[in-house]
Amino acid sequence: MTNFYAKDKRSAIDAKHHAQVIAHGPIVFQVARLLRDKGILKVIENHKTGINLAGIVEQTKVPEYGTRVLLEAGLGMEMVTVDEDGKYYLAKTGYFILHDPLTNVNMNFVQDICYKGLFHLEEAIDTGKPAGLKELGSWNTVYEGLSQLQPQQQKSWFEYDHFFSDIAFPLVLKHIYKPENHIKKLLEIGGNTGKWALASTKFDQDVRITIVDLPGQAAMARKNIENLGLTERVDFYPANVLDESVQFPPGYDAVWMSQFLDCFSEDEIISIMERCGQALNGEGAIYILEAFWDNQRFETAAFCIQQLSIYFTAIANGNSQMYDSRVFKKAIDRAGFDIVEEISGIGLSHTLLKCKKRK
Ligand SMILES: C[S@@+](CC[C@H](N)C(=O)[O-])C[C@H]1O[C@@H](n2cnc3c(N)ncnc32)[C@H](O)[C@@H]1O
């Protein structure tokens, strides 16, 4: 593990500039998003020899005043450069705002799911409640409302969630279904839209999956699984795992939870893990796929995870986060499990933990 945070790396002047970028955060974000969404960056990119304000206005049809203020703010943000003749060029940061898939997924998620809700962060911090969730709808947690979000919100939420798991799933299948794990029946908690079940049934001809998720989400997954003709091998157990009286069905060789336990507080994680233990056969194991901010190869990855963690505080449920692996592992230990295998560096940012009940 690299500790990116042991030293203050900035010069004073650099730190003062960085502090200004933070102080203007919401302005910087909205300007960058509009330079992207109004097609201004694209037009500039298409003119490698530069294009002036009038040319940009003509091609984007954005009013001149609006284009000018966005571009001028974009200069300080290093999104674009300008020459003595007033011609604009795309800068490297502008290129990534325009083209980098991770940046786009994060930006859309922040805009459509987090932006308005984050205004209520202080209340969320003070109360441990997702005070910003009311900007999306009136549910106890965002997960209860996933199937009812507005189409644009739903698109951004699922694209964000799937961006990471779509990259990790193909890489992790071989670790889960290796012959020595003897998995014929797997209980997937937080099965979402059924993507893991689909990938699993393709990868392993014999495995059968039961998906546990909230009723709205289980219905969405059921529809997808039915459309794929997989109902013989995938069944459903709609339930709210926050209800401690909910027990999982028994008789499984494995429990699989991907990007799931970060949706819960430490005490809730312990309660879920304990109940998972009762669903497992004697030699069964729990497999957990998570992104831990302290277990990243790149500082930028750690930064993304730390910042989006605040979505859980203000919007998702008010009491969970993207965990520091040391905090998460303590919860596993308190639930009575040992980590018997750990594989880091899966996909963009994930770690796989195999956990066995302590004897
Ligand atoms: C972040 S998504 C992860 C989805 C998927 N496993 C993946 O890796 O892409 C979390 C999933 O947990 C489900 N979930 C959240 N809270 C839940 C609860 N209290 N009971 C059951 N499922 C829940 C959500 O509906 C969602 O499908």
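A few points on the structure. All of these numbers come straight from a predicted model, not from anything done at the bench. (Residues numbered from 1 in each chain as written. Predicted model: local features only at pLDDT ≥ 70, side-chain atom pairs only at ≥ 80, totals over all residues. Heavy atoms only, no water.)

**What about the overall build of the protein chain?**
Then, in step 1: The number of helices and strands found in the protein chain is 15 helices and 9 strands.
Then, in step 2: In summary, the protein chain has a C-alpha radius of gyration of 23 Å against a globular reference of 21 Å for 359 residues, a match within 12%.
Then, in step 3: Its C-alpha atoms give the protein chain principal-axis dimensions of about 75 × 50 × 40 Å.
Then, in step 4: Within the protein chain, the proportion of its 359 residues that are buried is 51%.
Then, in step 5: In the protein chain, of all internal contacts separated by at least 6 residues, the share reaching a separation of at least 24 is 68%.
Then, in step 6: Carbon and sulfur atoms make up 55% of the accessible area of the protein chain, which amounts to about 18000 Å² in all.
Then, in step 7: For the protein chain, the centre of its 38 positive side-chain charges and the centre of its 46 negative side-chain charges are spaced 3 Å apart. (Helix = DSSP H or I, 4+ residues; strand = E, 2+ residues; numbered from the N terminus. Rg over C-alpha atoms; globule rule 2.2 N^0.38 Å. Buried < 20%, exposed > 50% of the residue type's maximum accessible area, 1.4 Å probe, protein only. Contact = heavy atoms within 4.5 Å. Areas by Shrake-Rupley, 256 points an atom, 1.4 Å probe, with all protein chains shown as cover. Lys, Arg positive; Asp, Glu negative; His and termini not counted. Charge placed at Lys NZ, Arg CZ, Asp CG, Glu CD.)

**Observations concerning the nonpolar core**
Then, in step 1: Among the nonpolar cores identified, the biggest contains 58 residues, and Met257 and Tyr311 are the most heavily contacted of them.
Then, in step 2: Looking at this core, the element that brings in the most residues is helix H14 (residues 299-316), giving 7 residues.
Then, in step 3: Leave out the neighbours within four places in its chain, and Met257 touches Ile189, Ile272, Met273, Cys276, Ile286, Tyr287, Ile288 and Leu289.
Then, in step 4: Grouped together as the second largest cluster of nonpolar side chains are 26 residues, Ile183, Leu186, Ala221 and Leu289 included. (Core = buried A, V, L, I, M, F, W, Y, C linked by side-chain atoms within 4.5 Å.)

**Re the layout of surface pockets**
Then, in step 1: Its volume calculated, the largest pocket comes out at about 2300 Å³.
Then, in step 2: His18, Val21, Val28, Phe303 and Gln307 are, among the 48 residues lining the largest pocket, the residues nearest its centre.
Then, in step 3: Of all the secondary-structure elements, those providing two or more residues to the lining of the largest pocket are helix H1 (12-23), helix H2 (25-37), helix H5 (64-76), helix H6 (92-99), helix H7 (101-114) and H14.
Then, in step 4: A total of 9 residues in the lining of the largest pocket trace back to one element, the largest contributor, which is H14.
Then, in step 5: For the lining of the largest pocket, the residue count by class is 28 nonpolar, 12 polar and 8 charged.
Then, in step 6: There are two domains that each give the lining of the largest pocket at least three residues, and those are domain 1 (12-99) and domain 2 (103-357). (1 Å grid on protein atoms, 1.4 Å probe; cavity = no way out; pocket = protein on both sides within 12 Å on 5 of 7 lines; lining within 4 Å. Points joined across faces, edges and corners; volume = space filled by probe spheres on them. Nonpolar A, V, L, I, M, F, W, Y, C, P; charged D, E, K, R; others polar. Domains from an automatic or database assignment.)

**Re the site of the ligand**
Then, in step 1: In the region of the ligand, 19 residues are neighbours, and Asp161, Gly190, Asp213, Asn240 and Ser258 sit closest.
Then, in step 2: The contact in question runs from an oxygen atom of the ligand to an N or O atom on the side chain of Ser165, over 2.9 Å.
Then, in step 3: At 3.4 Å, a side-chain N or O of Gln259 approaches an oxygen atom of the ligand.
Then, in step 4: When the free accessible area of the ligand is taken as 600 Å², the share hidden by the protein chains comes to 96%.
Then, in step 5: Here the shell around the ligand takes 4 residues from helix H10 (residues 151-176), the largest share from any one element.
Then, in step 6: Here the residues of the shell around the ligand sort into 10 nonpolar, 7 polar and 2 charged. (Near = heavy atom within 4 Å. Polar contact = N/O pair within 3.5 Å; in protein donor to acceptor, adjacent residues only side chain to side chain.)

**Things to note about the packing of H10 against helix H11 (residues 195-203)**
Then, in step 1: H11 packs onto H10 with a crossing angle of 30 degrees between their chain directions and a minimal axis gap of 10 Å. Of the possible angle classes, the one that applies to H10 and H11 is roughly parallel. The interaxial crossing formed by H10 with H11 has right-handed handedness. Residues His162, Asp166, Phe169, Val172, Leu173, Lys174 and Ile176 of H10 form the contact with H11, whose participating residues are Lys195, Trp196, Ala199, Ser200 and Phe203.
Then, in step 2: Classifying every residue of the contact of H10 with H11 by side-chain character gives 7 nonpolar, 2 polar and 3 charged. (Axes fitted to C-alpha atoms, helices over the stretch in contact; angles between N-to-C directions. Parallel < 35°, antiparallel > 145°, perpendicular 65-115°, else oblique. Left-handed = near helix turned anticlockwise from the far one by under 90°.)

**Considerations on H6**
The periodicity of an α-helix, 3.6 residues per turn, causes residues three or four positions apart to be oriented the same way.
Then, in step 1: All of the buried residues along H6 are Gly94, Ile97 and Leu98. Relative to the axis of H6, the buried residues are bounded by an arc of 95 degrees and lie together on one face.
Then, in step 2: In this structure, the buried residues of H6 make contact with H2, helix H3 (40-46), strand S2 (88-90) and H7. (Arc of directions from axis to C-beta.)

**A few points about empty space enclosed by the protein**
Then, in step 1: Scanning all chains against the criterion turns up 1 cavity of 30 Å³ or more.
Then, in step 2: Of the pockets and cavities examined, the largest cavity occupies roughly 50 Å³.
Then, in step 3: Lining the largest cavity are His175, Lys178, Asn181, Tyr287, Glu341, Glu342, Ile343, Leu352 and Lys354.
Then, in step 4: Where the lining of the largest cavity is concerned, the elements lending two or more residues are strand S8 (337-346) and strand S9 (350-357).
Then, in step 5: Here the lining of the largest cavity gets 3 residues from one element, more than from any other, and that element is S8.
Then, in step 6: Broken down by class, the residue content of the lining of the largest cavity amounts to 3 nonpolar, 2 polar and 4 charged.

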